[in-house]
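Geometric and topological summary
If you want the building blocks of each chain, they are given just below.
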Amino acid sequence: MELLHRLARKPKPGERIIKYLLLACGLISILTTLGIVFELGKESLLFFRTPGVDLIDFLTKTEWQPAIGRYGVLPLLTATLVTSLIAMLVAIPLGLTAAIYLSEYAGDRARAILKPVLEVLAGIPTIVYGYFALTFITPILRDVIGKENVGVYNMLSAGLVMGVMILPLISSISEDALHAVPHSLREAAFGLGATRLETAMQVVVPAAFSGIIAAVILGISRAIGETMIVAVAAGSGPAFTFNPLKAAETMTGYIARISGGDLGYDTPDYNSIFAIGLLLFMVTMVLNLISRQLVARFREVYE
Amino acid sequence: MNEKLSLLSDNPLALEQRVIKRNRQSSFWQRVYLSATVVGILALAALLYTILNDTFGYVILVNKVEPTELTNSPLEDITQTELVAILKKQLSKGEVSRLDKEIPLENRSTDDLKALFIEKVIQPKVIENYTLMESIFKRGEINNKLLVTPNGNLVFRSWFNKTLLIRSMSNRPETAGIRTALYGSLWMILITILFAFPVGVGAAIYLEEYASNSRINKLIQINIDNLAGVPSIVYGILGLAIFVRAFLFITSGQFFGVEGGNGRTLLSAGLTMGLLVLPLIIINTQEALRSVPLTLKQASYGLGATQWQTIWHHVLPYAMPGILTGTILAISRAIGETAPLIIVGAATLITKDPSGPFSQFTVLPIQIYNWITRPQQAYHHLAAAAILVLLISLLSINAVAILLRNRYSRRNS
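Residues numbered from 1 in each chain as written. Chains lettered and ligands numbered in written order. Predicted model: local features only at pLDDT ≥ 70, side-chain atom pairs only at ≥ 80, totals over all residues.

1. Describing the overall build of chain A
Cut-off, in case you're wondering: Numbered from the N terminus, helices here are DSSP runs of H or I no shorter than four residues, and strands are runs of E no shorter than two. Counts of 20 or more other C-beta atoms within 10 Å of a residue's own C-beta define buried residues, counts of 12 or fewer define exposed ones, and intermediate counts define partly exposed ones; C-beta atoms are placed from the backbone. Whether two residues are in contact is decided by their C-beta atoms, placed from the backbone, lying within 7 Å.
Broken down by element type, chain A carries 13 helices and two strands. Summarising its shape, the C-alpha atoms of chain A cover approximately 70 × 65 × 35 Å along the three principal directions. Every one of the 303 residues in chain A was classed for burial, and the buried ones make up 51%. Within chain A, contacts between residues at least 6 apart in sequence are counted, and of these 74% link residues at least 24 apart.

2. Topic: the overall build of chain B
Put simply, the rule reads: All radius of gyration figures rest on C-alpha atoms, and the globule criterion is 2.2 Å times the number of residues raised to 0.38.
Helix and strand content of chain B: 18 helices and three strands. Relative to its length of 413 residues, chain B is extended, with a C-alpha radius of gyration of 30 Å against a globular reference of 22 Å. Each principal axis of the C-alpha atoms in chain B carries an extent, and together these give about 95 × 75 × 40 Å. Counting every position in chain B, which comprises 413 residues, the buried fraction comes to 41%. Taking all contacts inside chain B whose residues are at least 6 apart in sequence as the whole, residues at least 24 apart take part in 76%.

3. Examining the environment of Thr351(B)
All names here are of chain B. Along the chain, threonine 351 turns up in the loop between α16 (339-344) and α17 (364-372). In sequence terms threonine 351 and threonine 251 are 100 residues apart; their C-alpha atoms lie 21 Å from each other. Those residues in contact with threonine 351, other than ones at most four positions away along the chain, are Ser168, Met169 and Thr180.

4. A word on the environment of Ala200(A)
Here Ala200(A) is to be found in helix α9 (residues 196-207). Residues Ala200(A) and Val73(A) lie 127 residues apart in sequence; the distance between their C-alpha atoms is 43 Å.

5. Considerations on the interface of chain A and chain B
In this complex, chain A contributes 77 residues to the contact, which on the side of chain B involves 75 residues. Per-element accounting of the side of chain A that touches chain B gives the leading share, 18 residues, to helix α2 (residues 13-49) of chain A.

6. Topic: helix α6 (residues 126-145) of chain A
Residues and elements named next belong to chain A. Threshold: Here the bend at each residue means the angle between axes fitted to two seven-residue stretches, the one ending at that residue and the one beginning there.
At alanine 133, α6 is deflected by roughly 35 degrees, the largest bend along its length. Most of α6 is tucked away: 14 of the 20 residues are buried. Two residues or fewer past α6, glycine 146 is found with a positive phi of approximately 110 degrees.

7. Here we look at the packing of helix α13 (residues 266-290) of chain B against helix α15 (residues 307-336) of chain B
Residues and elements named next belong to chain B. Short version of the rule: Think of each axis as a best-fit line through the C-alpha atoms, taken over the contacting stretch in the case of a helix, with angles from 0 to 180 degrees between the N-to-C directions. Throughout, a crossing is termed right-handed when the near helix is turned clockwise from the far one, and left-handed when it is turned anticlockwise from it by less than a right angle. Throughout this entry, Asp, Glu, Lys and Arg are counted as charged residues, while Ala, Val, Leu, Ile, Met, Phe, Trp, Tyr, Cys and Pro are counted as nonpolar. The remaining residues, Gly among them, count as polar.
The interhelical angle for the contact between α13 and α15, taken along N-to-C directions, is 150 degrees, at an axis separation of 8 Å. Between α13 and α15 lies a crossing of right-handed hand. From α13, Met273, Leu276, Val277, Leu280, Ile281, Asn284, Thr285, Glu287, Ala288 and Leu289 reach across to α15, where they touch Val315, Ala319, Gly322, Ile323, Gly326, Thr327, Leu329, Ala330, Ile331, Arg333 and Ala334. Within the contact of α13 with α15, the residues separate by chemical class into 14 nonpolar, five polar and two charged.

8. Some points on the packing of helix α4 (residues 74-105) of chain A against helix α7 (residues 155-180) of chain A
Residues and elements named next belong to chain A. Direction vectors running N to C along α4 and α7 enclose 35 degrees, while the axes themselves pass 5 Å from each other. Remark: the crossing between α4 and α7 carries right-handed chirality. Looking at the contact of α4 with α7 residue by residue, the classes come out as 24 nonpolar, eight polar and two charged.

9. Digging into the sheet that holds strand β2 (residues 125-129) of chain B
All names here are of chain B. Spelled out, the test is: Paired strands are those between which DSSP finds at least two bridges.
Strands sit in the order β2-β1-β3 across an open sheet of three strands; the sheet is antiparallel. In this open sheet, the two edge strands, each paired with only one partner strand, are β2 and β3 (152-158). Adjacent strand axes in the sheet meet at a mean angle of 40 degrees when their direction is disregarded. Taken together, the seven bridges between strand β1 (residues 56-62) and β3 define a ladder with antiparallel strand orientation. Note that in β3 the partner of leucine 61 across the bridge is asparagine 153.

10. Some details on the nonpolar core
To be explicit about the condition: Structurally, a nonpolar core is described as a collection of buried Ala, Val, Leu, Ile, Met, Phe, Trp, Tyr and Cys residues joined by way of C-beta atoms within 7 Å.
Formed by 195 residues in total, the largest nonpolar core has its most connected members in Val161(A) and Ile229(A). When residues no more than four places from it in sequence are discounted, the contact partners of Val161(A) are Tyr129(A), Phe132(A), Ala133(A), Ile137(A), Ile229(A) and Ala233(A). Judged by nonpolar contacts, the second largest core, of five residues, contains Tyr58(B), Val59(B), Ile60(B) and Tyr130(B).

11. So, the confidence of the model for chain B
Stated precisely, the cut-off is as follows: pLDDT gives the predictor's per-residue confidence on a scale running from 0 to 100.
The predicted model of chain B has a mean per-residue pLDDT of 85, with 95% of residues at 70 or higher. Scored by ipTM, the complex comes to 0.90, with pTM at 0.89.

12. Description of the environment of Met251(A)
Residue and element names in this part refer to chain A. Along the chain, the position of methionine 251 falls in helix α12 (residues 251-260). For the pair methionine 251 and arginine 142, spaced 109 residues apart in the sequence, the C-alpha separation amounts to 25 Å. Ignoring any residue separated from it by four or fewer positions in sequence, one finds methionine 251 in contact with Leu76, Leu77, Thr80, Ile276, Leu279 and Leu280.

Encoded structure:
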């Protein structure tokens, strides 16, 4: 690349400016990250300076009621944990098996039908999934498990639908990973008399393992950051519970509810969404970084 | 292992049985894998079913005034002059003069007047509403309900109708619509494109064509990949802090002489959404630029072009379909995005169409969210109809992207 560009005629004077303009465009992305870190950090600091808030209590207390000075983030964290866990219990097995089917079994015709369906699932706005959870899944759950056990708002319904939402993400990234495994490995396995199942499970999947883990991690990160499904279906009002049939508010749900009203600047409420946002940003960023490292690894091995 | 093998080879029958068993296992799991994929299809089907089920269905309407009390002719045959006379008689003086100021009643079309007549005079109110399935399978129940509802009219209603598209938000679900939200979405997307497309393509050109492998460029690249994975709600918080609050002077329009605004404007929303889709546009554009053959550049350089001339006249036109496809996909993400806009401060109860980048606004997903969270069932039907509008627009936008992609790949092969 570098060498090729040396073939070009020397840039005209104005064109040097263009280069720097383009660089400035690239720098906007850096500024975005810096802006996120700076703003979230600054307001979070203000939040932790609010009388009555301290970091230890924030991370260990089980009551979140900023209005009356209770600042324990655990209820929001557990709700995020429960909904994400349910989502992953749906999305990981379904997403992986779908990926294995599409990559190792499906003929061209089956792929031509199945892949677009998964792509459509991936393109549906999350608010629509929220509606689906509230008006389709929740009534079914209430009929099956009993109205006295399941609330109109519950984490189970939100988690299940979130799993469906994440399914295409996991299946498409894992399929890419499976696809990147060289054909020669499969041919060798078949040549030794392995069945399709044995080839898939004992040769291809282990070879693509880092890519599959990357997909799962990315899925977890998506589940943690998902807002609209939980805001609509999981309930509003923090509750410290691990029971998926109960309503509870996640971190994202809290941010959405609090900022939906008239939010005054520099109130503890206002600052608290930045503190929770910072927590969210850090968790998802670490997950994304790990995932990218893993993807890069399987690319290095086979490309 | 060796022992096992020798055992097997001694007994060919056992070997064969093992092979049969293994093959059976293989095909059993094939079916398991397929069924997992089918679950995805079923989920999609259930989702579409839910939306259609809620969009259509019987409603029981009760009129405030029965049309038969006012006119002898049935509503279909009523004439324009008769409608004008009824409206003038039934509506208050202020109301008539307000309508006259918009367009004089006499000059309005019969359809327009009929709509006014129904909305202002008859004022049908939805007493009871049913889903499509209930309408089909529970006719008996519905009829019983109808019998105990005085003056009730049973009407099969498609909540996805003209009213929905041309009316703005209202406190009566019968006449509520998404016009304001549609305009809001259009304005926001326009601002998003104007900001994110040039910046995104510019950044991608820099990274693909100019950047050497220096540290800063690697940092930019890693950073962009990372930004693509940041939850959308975090962008909302950023937008609130930066655009709504810190740049209040600009986003409220004070700088441009617009009075009395706060920062919760279309401009803030569009820019926030622009930051959100920027990494997507950059990544997609980079991919499109990478697909441009080297020979094209070599030929251009060989003819004595500068690097920028080569990019502008050859690389960009060649990559444009790919760039546009990527941009369209990013835009469709922005159209459906809800969470960041809640935080940036989309209003939920406005009836005034946005008139520029400094207007208060609502967008389609926010309107849907608002209707979903209302307890009245009628609003859920409205939400379903609005979702139908949202999905249809997303589908047509994506169809354009797919068409572009196909044309593009055909040319390359």
